[in-house]
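Listed below, chain by chain, are the residues.
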Amino acid sequence: MSEFGASSTHWVTLPEGERAEIRHGTPVREVLSPRLSKRQARELLLARMDGKLVDLAHPVERDCSLEPVFPGDPGTIEIIRHSTAHVMAQAVKELFPGAKVAIGPAIENGFYYDFDYERPFTPEDLVRIEERMREIAKAAYPISREVLGIQKAREIFVSRGEIYKIELIDELSRAGEVEVSLYGQSGFLDLCRGPHVPDTGRLGAFKLTGVAGAYWRGDERNPMLQRIYGVSFLDKKELAAYLERIEEAKRRDHRRIGKDLDLFSIQEEIGPGLILWHPKGAMLRRVIEDFWKDEHIRRGYDLLYTPHIARRDLWKRSGHLDFYAESMYAPMVIDEVSYQIKPMNCPFHIAVYNSRRRSYRELPLRWCELGTVYRYERTGTLHGLMRVRGFTQDDAHVFCRPDHLDTMIHEILELTLFVLRVFGFDRYDIYLSTRPERFVGTEENWERATAALEGALKAEGLAYEIDPGEGVFYGPKIDIKIRDCLDRSWQCSTIQVDFNLPERFDVNYIGEDGHPRQAIMVHRALMGSIERFVGVLIEHYAGAFPFWLAPVQAVVLTVTDRQDAWAVEVQKRLKASGFRVEADLRNEKLGKKIREAQLVKIPYMLVVGDKEMREGRLNPRSRSGDVIGSMTVEECIQLFTRESTQSMGQGRRPA
RNA sequence: GCCGGCAUAGCUCAGCGGUAGAGCAGCUGAUUCGUAAUCAGCAGGUCGCGGGUUCGAAUCCCAUUGCCGGCUCCA
């Protein structure tokens, strides 16, 4: 490839259509720099060759288009982060000579590099590494790129004892590669595809954030390496903004707020991953669940209740014991029969369906249940409400005929997006998960089901990504991950088309011709798990729930104990109108009562003093600090009624 | 499950070889007060649990449980 033969020059198309004849092998820097201002030449970071980012040292080896790339241009921050990872690796190698390097890519917001070292890195080590990185950055060592035959490269890493790099090279070799590129700076050398920034002085603002164990190649059979994480941005301002966002996320942590607002607890005595809902949290759930049930009934769903355990045979037939056993709790024997706790609700809904013969006229049947399931999760994965062992799914199963399928998926998508909007989520990412490695049913069924889901997404004009192999064992699915106010993504909704369980359980209906036909099942959950959804809501709203959701919507505050009777009367009348109102009659100053109500984020504080009492009125103060002005109880009821509707996303009707 | 860190009063945390401390919350009393903390007093802890080292352990070591940050996995 280095000897082109006939032509020793190439035509390079530059921005603005300029064409230049360039000698074969000229580095792109030499092509671009003379055509830039001094300042631009200094800032030049990379080049785009025929649309692909390349190093400045990259040689021109054919006719191509070429444009300069500066920091901040699309795609550059990833390159900068990647180069920062290399600088970190250099620092680690210098400070800890025995360390072996594995891989070090750019990730969202930063980078990491995996190392194998005789002892764990400590926070103090990280400080030293970061210091050394700054020195390397300051020295602005040029970063070199070299292409070598794969055997030669292998020898280099063998001589350096970099066993992980050797493994990578052997893999590349098996994949048919004959040469690889090596990048280096000031004595450090790494196997890397590149591209990289021209020198170590071009890193931007970075900070090491932590160290964590990670398996070599993500496989738990492999040795555990130490992964050092860092964040990196173009400049200090962006880095500071990012760190501020992390702080904000910490302030919004649902575990913290859940404790402060007395919503729920998780206790060692009860067990990990098991949630105790305190009165306020239970009230929040009730509001969510009532809304959910009303909305479903309004839309033609029927409610089901099913048991928590079932005979083991059921799980055998459903395929759970073959494909889902590692998530299920051990069987218990009752009167010599084995039972198991449910990890899913579907077999029960099927049993209801199969409790009698179904006619084609009955379909579609839409059945929903707030079904509590238990799944074994490895201890290390549990996290507050977000990842638990016992949770309530807002589950539903639609049983339908093939000719219903498109309409059903459409209907479910519509309902899903509606519900998410009501709770204040209008940004989400949609994924289509296809057949996993272990699955039940035939490939044709999987294809049909996948096509149905994909067709619905296309018909709705919704953008989506394919998540290969991430379907459930019985069918493909659409997952909707909502984005919260900090732009973090949470998986909640899931829609799954299933031809397989109907086959296993012989779920059928009698068609027009009097013959049985197999029904199709659509599984779906909108909020996914009530636990997780509440967790997401807490963080999304930082505990300051919109009025319709707030477990306590208002608190009546007295100025002195002379107003106690009036305060109780106000509370009583508001409660009678369906609002969740408390009264704070403590012998404390008004300021203190306000402060405490504020801290637990109650939407309205209703101040009653002598003046209000005399006039039969109250004086609301909003959570945001506005004193609205004295009003009668009737006016307050009107205010709250309005607020109930308006505080729902999209101003939907209250439940 | 794996790697690393953490575990002290209800909560937030200090103490890090010589027999346990603060603020808030709680209780008692005084104060009757208008839009983010009234004052005083009292009470509260087998320092996660189990071993060990030591004359002596909250403090050092080992094991264990739980939590936190990751890996992996998912609603």
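Residues numbered from 1 in each chain as written. Chains lettered and ligands numbered in written order. Predicted model: local features only at pLDDT ≥ 70, side-chain atom pairs only at ≥ 80, totals over all residues. Heavy atoms only, no water.

Visitor: Please explain the sheet that holds strand β23 (residues 465-467) as it appears in this structure.
Guide: Backbone-to-backbone hydrogen bonds join strands into a sheet, with any given pair of strands oriented parallel or antiparallel. Spatially, β16-β20-β21-β28-β25-β24-β22-β23 is the arrangement adopted by the eight strands of the open sheet, whose pairing is mixed. Taken across any chain shown, the strands that pair with only one partner, and hence form the sheet edges, are β16 (302-303) and β23. Strand direction decides the pairing type here: strand β24 (residues 477-483) and strand β25 (residues 489-498), joined by seven bridges, are antiparallel. Its bridge partner being in β25, Lys481 is matched across the sheet by Gln491. (Pairing = 2+ DSSP bridges. Helix = DSSP H or I, 4+ residues; strand = E, 2+ residues; numbered from the N terminus.)

Visitor: Any chance you could explain the packing of aromatic side chains here in plain terms?
Guide: Given two aromatic rings, one states the distance between the centres and the angle between the planes to describe the pair. Enumeration over the complete set of coordinates arrives at 29 aromatic pairs. An angle of 75 degrees between the planes, with centres 5.3 Å apart, marks the rings of Phe579 and Phe640 as edge-to-face. Taken as a pair, Phe579 in the loop between α17 (564-576) and β30 (581-584) and Phe640 in helix α20 (residues 633-646) lie far apart in primary sequence, 61 residues in all. Note on accessibility: Phe579 and Phe640 belong to one class, buried. Here a set of aromatic residues connected by ring pairs shows up, and it is made of Phe291, Phe418, Phe423, Phe425, Phe533 and Trp548. Its end group placed over the ring of Trp216, Arg217 keeps NZ or CZ at 5.2 Å from the ring centre. Directly above the aromatic system of Tyr112 lies the positively charged group of Arg227, at a separation of 3.7 Å from the ring centroid. (Phe/Tyr/Trp six-rings, centres within 6.5 Å; stacked < 30°, edge-to-face > 60°. Buried < 20%, exposed > 50% of the residue type's maximum accessible area, 1.4 Å probe, protein only. Lys NZ or Arg CZ within 6 Å of the ring centre and 35° of its normal.)

Visitor: What's the story with the pattern of salt bridges in this structure? I'm lost.
Guide: Opposite charge on two side chains makes pairing possible when the charged atoms of those side chains draw close. Scanning the model with the defined rule gives 43 salt bridges in all. The residue Glu362 makes a salt bridge to Arg356 at a minimum N-O spacing of 3.1 Å. With a relative accessible area of 24%, Glu362 lands in the partly exposed category. Classification of Arg356 by relative accessible area gives partly exposed; the value is 48%. Between Asp429 and Arg483 there is a salt bridge, with the nearest N and O atoms lying 2.8 Å from each other. Placement of Asp429 in strand β22 (residues 428-433) and of Arg483 in strand β24 is noted, with a sequence separation of 54 residues between them. For Asp429, a relative accessible area of 21% gives the class partly exposed. Among the charged side chains, a network of salt bridges with common partners joins Glu244, Glu248, Arg251 and Arg252. (Salt bridge = Lys/Arg side-chain N within 4 Å of Asp/Glu carboxyl O.)

Visitor: Sorry if this is basic, but what is going on with a nonpolar patch on the surface here?
Guide: A surface patch of nonpolar side chains, amounting to about 340 Å² of accessible area, comprises Ile297, Leu303 and Tyr305. Position of Tyr305 among the secondary structure elements: in the loop between β16 and β17 (309-311). For Tyr305, a relative accessible area of 69% translates into the label exposed. (Patch = residues over 30% accessible without salt bridge, like charges linked within 9 Å, V, L, I, M, F, W, Y side chains within 5 Å. Areas by Shrake-Rupley, 256 points an atom, 1.4 Å probe, with all protein chains shown as cover.)

Visitor: Any chance you could explain the protein's contact with RNA strand B here in plain terms?
Guide: In the vicinity of RNA strand B lie 54 residues, with Glu268, Arg387, Gln491, Asn587 and Arg595 positioned nearest. Sugar and phosphate atoms constitute 47% of the interface atoms of RNA strand B, taking the interface as everything within 4 Å of the protein. In the environment of RNA strand B, a base nitrogen lies 2.9 Å from a nitrogen or oxygen atom belonging to the side chain of Tyr215. Contact distances for RNA strand B include 2.8 Å between a phosphate oxygen and a side-chain N or O atom of Thr379. Where the surface near RNA strand B is concerned, the elements lending two or more residues are β12 (205-215), β13 (224-233), α8 (254-260), β25, β28 (520-529), α18 (590-599), α19 (610-615) and β32 (617-622). The biggest single contributor to the surface near RNA strand B is α18, with six residues. Tallied by class, the residues present in the surface near RNA strand B amount to 16 nonpolar, 15 polar and 23 charged. (Near = heavy atom within 4 Å. Polar contact = N/O pair within 3.5 Å; in protein donor to acceptor, adjacent residues only side chain to side chain. Nonpolar A, V, L, I, M, F, W, Y, C, P; charged D, E, K, R; others polar.)

Visitor: Please clarify how helix α9 (residues 279-298) should be interpreted in this entry.
Guide: Each turn of an α-helix holds 3.6 residues, which means side chains three or four residues apart point in the same direction. Taking 1.5 Å per residue as the helical rise, α9 with its 20 residues ought to reach 28 Å, and the 28 Å between its terminal C-alpha atoms agrees with that figure. Considered for burial, the residues of α9 that qualify are Gly281, Leu284, Arg285, Val287, Ile288, Glu289, Phe291, Trp292, Glu295 and His296. Phi for Gly300, located one or two positions after α9, is positive at around 90 degrees. (Expected span 1.5 Å × (residues − 1).)

Visitor: Help me understand the sheet that holds β17, please; the structure alone is not making it clear to me.
Guide: Across the sheet, which stays open at both edges, the three strands sit in the order β17-β19-β18 with antiparallel pairing between neighbours. Looking at which strands have only one partner, the edges of the open sheet turn out to be β17 and β18 (332-334). Looking at each pair of strands side by side, their axes are set apart by 40 degrees on average, direction ignored. (Axes fitted to C-alpha atoms, helices over the stretch in contact; angles between N-to-C directions.)

Visitor: Looking at this structure, I do not really get unusual backbone geometry. What am I missing?
Guide: Both trends apply: most residues other than glycine have a negative phi, and most peptide bonds are in trans. Of note, the amide linkage connecting Leu363 to Pro364 takes the cis form, showing an omega dihedral of 0 degrees. With phi around 65 degrees, Glu16 is a residue other than glycine that occupies positive phi space. Assessed through its relative accessible area of 83%, Glu16 is described here as exposed. Unlike most non-glycine residues, Ala140 shows phi in positive territory, near 50 degrees. With respect to the secondary-structure elements, Ala140 resides in the loop between α4 (123-139) and β9 (144-149). Overall, Ala140 belongs to the partly exposed group, its relative accessible area being 33%.

Visitor: Looking at this model, I keep getting lost on helix α7 (residues 236-251). Mind explaining?
Guide: Taking 1.5 Å as the rise per residue, α7 with 16 residues should run 22 Å; its terminal C-alpha atoms sit 22 Å apart, in good agreement. Along α7, the residues that are buried comprise Leu239, Tyr242 and Ala249. Along α7, the residues classed as buried sweep out an arc of 75 degrees about the axis, all on the same side. Turned more than 90 degrees off the buried face of α7, the exposed positions are Lys236 and Lys237. Residues of α7 that are buried make contact with β12 and β13. Put simply, Asp235 is the residue that caps the front of α7, since its side-chain oxygen is 3.1 Å from the backbone nitrogen of Lys237. (Arc of directions from axis to C-beta. Contact = heavy atoms within 4.5 Å.)

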